[in-house]
Amino acid sequence: FGSLKKEDYSSINWATLQDELAVFATKAETDVNTVEDVEKLYNEVLTAAQSVQTLAQAAAELKATLDGYAAELKAKYDELVANNKYSKENRAVLDAAYKAGVAEINNAKSKAAGNTAKLKAIGAMNAVEVAPAGGCNSNLSSVGLCCFLLAVALVAIVLRKREN
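Draft legend 1. Examining helix H5 (residues 111-126) more closely. Its 16 residues give H5 an end-to-end C-alpha distance of 22 Å, which sits within 8% of 22 Å, the value for a rise of 1.5 Å per residue. Among the residues of H5, Gly114, Ala117, Lys118, Ala121, Ile122 and Met125 are the ones counted as buried. All buried residues of H5 fall inside an arc of 135° around its axis, so they share one side. Exposed positions of H5 whose direction lies more than 90 degrees from the buried face are Ala112, Thr116 and Lys120. The elements touched by buried residues of H5 are helix H3 (55-83) and helix H4 (88-106).

Draft legend 2. Representation of the pattern of salt bridges in the model. For the coordinates displayed, the defined rule picks out 7 salt bridges. Here Asp67 and Lys63 are joined by a salt bridge, their closest N and O atoms 2.9 Å apart. Of this pair, Asp67 and Lys63 both sit in helix H3, 4 residues apart, which is roughly one turn of the helix. Between Lys120 and Glu104 there is a salt bridge whose closest N-O contact spans 3.3 Å. Taken as a pair, Lys120 in helix H5 and Glu104 in helix H4 lie far apart in primary sequence, 16 residues in all.

Draft legend 3. Quick look at the packing of H3 against H5. Relative orientation of the contacting elements H3 and H5 amounts to 10°, with a least axis distance of 9 Å. What the angle tells us is that H3 and H5 run roughly parallel. Residues Glu61, Leu62, Thr65, Leu66, Tyr69, Glu72, Leu73, Lys76, Tyr77 and Leu80 of H3 form the contact with H5, whose own contacting residues are Lys111, Gly114, Asn115, Lys118, Ala121, Ile122, Met125 and Asn126. Tallied by class, residues from the contact of H3 with H5 come to 9 nonpolar, 4 polar and 5 charged.

Cut-offs applied
Residues numbered from 1 in each chain as written. Predicted model: local features only at pLDDT ≥ 70, side-chain atom pairs only at ≥ 80, totals over all residues. Heavy atoms only, no water. Helix = DSSP H or I, 4+ residues; strand = E, 2+ residues; numbered from the N terminus. Expected span 1.5 Å × (residues − 1). Buried < 20%, exposed > 50% of the residue type's maximum accessible area, 1.4 Å probe, protein only. Arc of directions from axis to C-beta. Contact = heavy atoms within 4.5 Å. Salt bridge = Lys/Arg side-chain N within 4 Å of Asp/Glu carboxyl O. Axes fitted to C-alpha atoms, helices over the stretch in contact; angles between N-to-C directions. Parallel < 35°, antiparallel > 145°, perpendicular 65-115°, else oblique. Nonpolar A, V, L, I, M, F, W, Y, C, P; charged D, E, K, R; others polar.

This is the structure we're talking about:
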């Protein structure tokens, strides 16, 4: 326990460690009768103390969680791009929403803030208007229009032949 440094822990976690040491000291005076009892108590307190996160461990855990949120956002972005068509303007809006979401996730100071940023970005990306299916500029409409004109021309030819 001598190697523990206060600056390596949050104030709450440092207080938790101090509580564990106080429990050890109290129980060592009252609850132990043999060397085995002392070793057992020491190992229990050591295990409890080792489970208290340092600031570095907490930061690494937060980074891993935020990286996961960013990966989830990327997967959603890729899904939207693969499954939808966007105008140039709306694709730029989608890209901007994705990039802003990644930035907000990476700047989050907590898991909750990172998750909120991810959900907010997904909402913004889902709100981007997709190009309508079909429409005047689609291949399907062009083919349909050609078929319609061909049918009209055939009807006109048939009607002329009947008149003659």
